[in-house]
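# Working through the structure, step by step
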Amino acid sequence: MGRAETDRLCARFAALRAAGGVPGHFEPRGAEPGGDPLAAWPRVMQPHEIDGLSRALLLDARLREVLELLLGEEVLAAQSMFSFKPPGARGQALHQDNFYLRVEPGTCVAAWLACDVIDRDNGGLDVVPGTHRMELFRPEEADAEVSFAREYVPPPPGPAPVPVDMAPGDVLFFNGSLVHGSGPNRTPDRFRRSFIGHYVGRSAERIGGYYRTLSMSGERVPLPESEGAGPCGTEFAPHGPH
Ligand SMILES: O=C(O)CCC(=O)C(=O)O
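First things first, this report covers the structure right here in the doc. This structure is a prediction, so every number in the text was calculated from the model and none was measured.

### Quick look at the site of the ligand
Taken together, Met81, Gln92, His95, Asp97, Trp112, His180, Ser182, Arg192 and Ile196 make up the full set of residues near the ligand. His95 places a side-chain nitrogen or oxygen 2.9 Å from an oxygen atom of the ligand. With respect to the ligand, the side chain of His180 contributes an N or O atom lying 2.9 Å from an oxygen atom. Compared with its free state, where it exposes 290 Å², the ligand has 96% of that area covered by protein.

### Details of helix α1 (residues 3-18)
The end-to-end C-alpha distance of α1, which contains 16 residues, comes to 22 Å, matching closely the 22 Å that a straight helix rising 1.5 Å per residue would cover. The set of residues buried in α1 consists of Thr6, Leu9, Cys10, Phe13 and Leu16. Considered in projection along α1, the buried side chains sweep an arc of 120° and stay on one side of the axis. Projecting away from the buried face of α1 at angles above 90 degrees are the exposed residues Ala4, Arg8 and Ala18. Next to the buried residues of α1 lie β1 (44-45), α3 (52-58), β2 (75-83), β3 (108-114) and β10 (194-201).

### A few points about the packing of aromatic side chains
Across all of its chains, the model carries six aromatic pairs by this definition. Judged by centre distance (3.9 Å) and plane angle (0°), the rings of Phe13 and Phe82 are stacked. In this pair, Phe13 sits in helix α1 while Phe82 sits in strand β2, placing the two residues 69 residues apart along the sequence. Note on accessibility: Phe13 and Phe82 belong to one class, buried. Ring pairing ties together the aromatic residues Phe13, Trp41, Phe82, Phe84 and Phe191, which thus form one cluster. In this structure, Arg17 is placed above the aromatic ring of Trp41, and the distance from its NZ or CZ to the ring centre is 3.4 Å. The ring of Phe99 carries Arg102 above its face, with NZ or CZ at 4.8 Å from the centroid.

The rules behind each value
- Residues numbered from 1 in each chain as written.
- Predicted model: local features only at pLDDT ≥ 70, side-chain atom pairs only at ≥ 80, totals over all residues.
- Heavy atoms only, no water.
- Near = heavy atom within 4 Å.
- Polar contact = N/O pair within 3.5 Å; in protein donor to acceptor, adjacent residues only side chain to side chain.
- Areas by Shrake-Rupley, 256 points an atom, 1.4 Å probe, with all protein chains shown as cover.
- Helix = DSSP H or I, 4+ residues; strand = E, 2+ residues; numbered from the N terminus.
- Expected span 1.5 Å × (residues − 1).
- Buried < 20%, exposed > 50% of the residue type's maximum accessible area, 1.4 Å probe, protein only.
- Arc of directions from axis to C-beta.
- Contact = heavy atoms within 4.5 Å.
- Phe/Tyr/Trp six-rings, centres within 6.5 Å; stacked < 30°, edge-to-face > 60°.
- Lys NZ or Arg CZ within 6 Å of the ring centre and 35° of its normal.

That is the geometry; function is a separate question.
The following block contains the structure:
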């Protein structure tokens, strides 16, 4: 994806936030000195339902081509998210996406688009090699000082987590078993923005009721509901001023 496209996407999310948010998708609060940066810059859930550019990106033909190769069949789009991750924001502890989407049988696939330089300083992205072949683990409670989400999957015995550095426009594809996550953005001035799409193969039989699956041409294709699902990452309450 080109830099002009990621710039346009970032400008769109800046405008959505400046307009005050949309209930059910994101509700930014005024920034407080020492307050939780994520309260002022919350992630945007399912932006494709409120914004045409996000919808076009979620259903983008370039993503579709790779996703169909990876899944070996037609795909359905299940979710979009945009994360601002401003300086000082907490990350999301190691987790597995299919713990939340509960695609059955099989799993989901993420297309994780970097909108900024994503590196170790600004709370990049870590993945645990080999876990994409594993089942779902039962998460433990995450450390609320460093993770905005409650679930934490300790890396299983084997290779340690590895950071994935990305440039704006890079897209990382991974399945719903891959253990991945991120630490806080420790830079004073660099956002770490990302747009994430989640997809399932057309042969999936069930998915969590939160996920309103669409064909890649944009028609609603409802799937029966699986149990135990929810939005990606159960959020702790925002941090108060320190
Ligand atoms: O932003 C992050 O650190 C992780 C986000 C993510 O991968 C997810 O929502 O599944």
